[in-house]
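# Chain and residue survey
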Amino acid sequence: MTMETQTAKILDGKALAAKIQKELAATITESQLKIGRPPGLAVLMVGDNPASAAYISNKERACAKVGIASFGKHFPTQTSQTELEDVIAELNQDEQVNGILVQLPLPKHLDAISLLHRIAPDKDADGLHPVNLGRLVRGEAGLRSCTPAGVIRLLEEYKIPLLGKQAVVVGRSILVGKPMALMLLEVDATVTIAHSRTQDLKTITQNADILIAAAGIPGLITAQMVKLGAVVVDVGINRITDSSGKSRLVGDIDFSTTAMVAEYITPVPGGIGPMTVAMLLQNTVSSYLQATSN
Ligand SMILES: Nc1nc(=O)c2c([nH]1)NC[C@@H]1CN(c3ccc(C(=O)N[C@@H](CCC(=O)O)C(=O)O)cc3)C=[N+]21
């Protein structure tokens, strides 16, 4: 007798992100000859959240790899709202800077939403400015939120059919859930958004052809909640301490059980995380090409 094991195919975000970065590097090398300078990305971090510091060093490494100049701006926890607004105003005017990103979460005394409003929409590398979210709602071209854009790009790479399919997004954050639902709608999926107040989550997720878990709850989705043959995308990035006291990264999906029923699944790490970074770089490069096109 054989043990039941994983049958799902892996949606390899790490490999696709590497491919995208190679393409961006080539684009940058070529454009830089004409333009005379590289694209620039400014990353603002406030305080010393260790997870944020780790993500930022990831992003800076990725920038270096493709030839984007990164301007890391690190501010002490007590920095005021107006100081940050002034920094953003300066970066908006700075020709060397094509993308501006405010690392979230911010310390409690700061109003993240009103800071995001200050970023020039065409330098909004995160795609979180209301103008870019409005463009998304209207189906207009604009900078798209990185994580959901990364999900769509990964599904397209594997030629997963989305038109007319039942897509369920678990989570309604402004960073992922809401823009994710809109992007799925943009490619003609039938979209349901579930969240922490949803009654009988299981009944809803069981209908999903495409299930996107973006709730930030480790192991929220188990195999019993997943339709046989579904495509399962894990957006969760949760650092947990396991029973042996080791720290490791897990998603919102219980991988080992779900991989027995799904047709495709994204791993954590190596799934949507690297795709998010790739889309951030892509947004920065497209702002750069746009800004220098005349
Ligand atoms: N304004 C803003 N924009 C963001 O896009 C943003 C943010 N704030 N705040 C925090 C979250 C989190 N986030 C991640 C991106 C990549 C990985 C990533 O590459 N993870 C690797 C593993 C990294 C590791 O091992 O620690 C992976 O999943 O394979 C993780 C997390 C972006 N975020």
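Conventions adopted
Residues numbered from 1 in each chain as written. Predicted model: local features only at pLDDT ≥ 70, side-chain atom pairs only at ≥ 80, totals over all residues. UniProt positions renumbered as here; feature names shortened; annotations may be inferred. Helix = DSSP H or I, 4+ residues; strand = E, 2+ residues; numbered from the N terminus. Rg over C-alpha atoms; globule rule 2.2 N^0.38 Å. Buried ≥ 20, exposed ≤ 12 C-beta atoms within 10 Å, placed from the backbone. Contact = placed C-beta atoms within 7 Å. Domains from an automatic or database assignment. Axes fitted to C-alpha atoms, helices over the stretch in contact; angles between N-to-C directions. Parallel < 35°, antiparallel > 145°, perpendicular 65-115°, else oblique. Left-handed = near helix turned anticlockwise from the far one by under 90°. Nonpolar A, V, L, I, M, F, W, Y, C, P; charged D, E, K, R; others polar.

Looking at an unreviewed UniProt entry, one finds the protein chain named Bifunctional protein FolD, with Nostoc azollae as its source organism. Under the Subunit (unreviewed entry) heading, UniProt states for the protein chain: "Homodimer." Under Pathway (unreviewed entry), UniProt gives the following word-for-word description of the protein chain: "One-carbon metabolism; tetrahydrofolate interconversion."

### Remarks on the overall build of the protein chain
In terms of regular secondary structure, the protein chain is built from 10 helices and 11 strands. Computed over its C-alpha atoms, the radius of gyration of the protein chain comes to 19 Å, within 12% of the 19 Å expected for a compact globule of 294 residues. When the 294 residues of the protein chain are sorted by exposure, 42% land in the buried category. By sequence separation, contacts in the protein chain at least 24 residues apart represent 70% of the contacts at least 6 residues apart.

### Side note on the domain arrangement of the protein chain
As far as domains go, the protein chain holds domain 1 (36–121) and domain 2 (145–273). A C-alpha centroid distance of 28 Å is found between domain 1 and domain 2.

### Notes on the packing of helix H2 (residues 50–66) against helix H10 (residues 272–291)
It is the contact of H2 with H10, at a shortest axis distance of 10 Å, that shows an interaxial angle of 55 degrees. With respect to their mutual orientation, H2 and H10 come out oblique. For the crossing formed where H2 meets H10, the hand is right-handed. Here Asn58, Lys59, Ala62, Cys63 and Val66 of H2 come into contact with H10, specifically with Val277, Leu280 and Leu281. A per-class count over the contact of H2 with H10 returns 6 nonpolar, 1 polar and 1 charged.

### Quick look at the UniProt feature "binding site: NADP(+)" (unreviewed entry) in the protein chain
Under the feature "binding site: NADP(+)" (unreviewed entry), the UniProt entry names Gly171, Arg172, Ser173 and Ile237. Position of glycine 171 relative to the elements: it lies in the loop between strand S5 (166–170) and helix H7 (177–186). Apart from residues no more than four positions distant in its own chain, glycine 171 is found in contact with Val176, Gly177, His195, Ala214 and Ala215. With respect to the element layout, serine 173 can be found in the loop between S5 and H7. The class for serine 173 is partly exposed, based on 16 C-beta atoms found within 10 Å.

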